[in-house]
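Chain by chain, the residues run as shown.
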Amino acid sequence: MRKKVIAGNWKMYKTQAETSEFLLNFLHTLEETPEDREIVLCVPFTDLGILSKSLHGSRVQLGAQNVHWEEQGAYTGEISGPMLTEIGVRYVVIGHSERRQYFNETDETVNLRLKAAQRYGLTPILCVGESKQQRDALETESLIISQLAKGLVDVDQNNLIIAYEPIWAIGTGDTCESIEANRVIGLIRSQLSNPDVPIQYGGSVKPNNIDEIMAQPEIDGALVGGASLEPSSFARIVNYQ
Ligand SMILES: O=C[C@H](O)COP(=O)(O)O
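Residues numbered from 1 in each chain as written. Predicted model: local features only at pLDDT ≥ 70, side-chain atom pairs only at ≥ 80, totals over all residues. Heavy atoms only, no water.

### Regarding the UniProt feature "binding site: substrate" (unreviewed entry) in the chain
Using the residue numbers shown here, the UniProt feature "binding site: substrate" (unreviewed entry) corresponds to Asn9, Trp10, Lys11, Gly171, Ser204, Gly225 and Gly226. In three dimensions, the annotated residues from a span of 218 residues occupy one location, with a maximal C-alpha spread of 14.0 Å. Restricting the annotated residues just mentioned to those that line the largest pocket leaves Asn9 and Lys11. Structurally, the position occupied by Asn9 is in strand β1 (residues 4-9). The residues contacting Asn9, other than those within four sequence positions of it, are Cys42, Gln65, His96, Leu223, Val224, Gly225 and Ser228. In terms of polar contacts, Asn9 uses its side chain to reach the backbone amide nitrogen of Lys11, at 3.0 Å. On the basis of relative accessible area, Gly226 is assigned to the exposed category, the value being 54%. (UniProt positions renumbered as here; feature names shortened; annotations may be inferred. 1 Å grid on protein atoms, 1.4 Å probe; cavity = no way out; pocket = protein on both sides within 12 Å on 5 of 7 lines; lining within 4 Å. Helix = DSSP H or I, 4+ residues; strand = E, 2+ residues; numbered from the N terminus. Contact = heavy atoms within 4.5 Å. Polar contact = N/O pair within 3.5 Å; in protein donor to acceptor, adjacent residues only side chain to side chain. Buried < 20%, exposed > 50% of the residue type's maximum accessible area, 1.4 Å probe, protein only.)

### Focus on the sheet that holds strand β8 (residues 221-224)
Overall, parallel pairing links the eight strands, which are arranged β1-β2-β3-β4-β5-β6-β7-β8 in a closed barrel. Sheet twist, expressed as the mean angle between neighbouring strand axes with direction ignored, is 25°. Pairing of strand β3 (residues 60-64) with strand β4 (residues 91-94), which is carried by two bridges, proceeds in the parallel orientation. Its bridge partner being in β4, Ala64 is matched across the sheet by Val92. Sheet strands in contact with helix α8 (residues 178-190) are β5 (123-128), β6 (161-164) and β7 (199-202), and its direction is about 145° off that of β7. (Pairing = 2+ DSSP bridges. Axes fitted to C-alpha atoms, helices over the stretch in contact; angles between N-to-C directions.)

### Focus: the side chain of Thr109
Counting through the fold element by element, Thr109 comes out in helix α5 (residues 107-119). Only 2.9 Å separates the side chain of Thr109 from the backbone nitrogen of Thr106, close enough to count as a polar contact.

### Some details on the layout of surface pockets
The calculated volume of the largest pocket comes to roughly 530 Å³. In terms of lining, the largest pocket is formed by 19 residues, of which the most central are Lys11, Met12, Gln65, Arg99 and Phe103. Examining the composition of the lining of the largest pocket, we find that three residues originate from one element, helix α4 (residues 97-102), more than from any other. In this model, the second largest pocket occupies a volume close to 230 Å³. For the second largest pocket, the lining is made up of 21 residues, of which Lys11, Ile170, Gly171, Gly225 and Gly226 are closest to its centre. (Points joined across faces, edges and corners; volume = space filled by probe spheres on them.)

### Focus on the packing of aromatic side chains
Taken as a whole and judged by the stated rule, the model has five aromatic pairs. Summarising the aromatic geometry, the rings of Tyr102 and Phe103 are spaced 6.5 Å apart at their centres and angled 80° between planes, so their arrangement reads as edge-to-face. Linked through ring pairs, Trp10, Phe22, Phe26 and Phe234 together constitute an aromatic cluster. The ring of Trp10 has Lys14 lying over it, and the distance from NZ or CZ to the ring centre is 5.4 Å. Positioned above the aromatic ring of Tyr240, the side-chain terminus of Arg37 is 3.7 Å from the ring centre. (Phe/Tyr/Trp six-rings, centres within 6.5 Å; stacked < 30°, edge-to-face > 60°. Lys NZ or Arg CZ within 6 Å of the ring centre and 35° of its normal.)

Below, the structure is given as structure tokens:
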């Protein structure tokens, strides 16, 4: 049975004060949440400290949004695996399309970050997905196969989550049809040596579409952006039927 994982990706949102307010309104909503799912919050670095304390003893796991491949060094603006694990971070998002687009992340640096995350005991969430232009040019399959082939060189598939995030569906309200997301995720699974790797869908996941998404047989969870920022909407998502 593959693990179900619902992860919020807060991107560059929420100060510490806003994080405290979120927790006040969110944590109590988990009392009835079924045990069959892992819940993760991937937050800005400045929120990790407060969450590390506040989430202690709760069932919500802590995630970061980046990790460098070196243990330490002169890499201004970066963060290392040991710095994250020391404060209780368990997951890290790697290769998000916003990092690939705005920060020159390549399949090669994605691969270095994935291996470093695993080396320091973190579970990476590898993001793959095509742009609208690539989809229209019928390049979705070849692009994803290439992202996986290059990104996963020497990566341990026993400690890995993959998120399929079509770029055109991110933050647009234009969700990928769940049947199509299921098809692409099936393709991703066919490229893996371990068929039990949990594979999430991400891109305009909302309270009103999460049940349909999670009903798809290949989809093992969701990577949620905007809808994870609001306690009641994220609560509805983690409590999918
Ligand atoms: O990592 C999360 C994704 O980029 C999805 O963002 P979104 O739910 O706001 O579309």
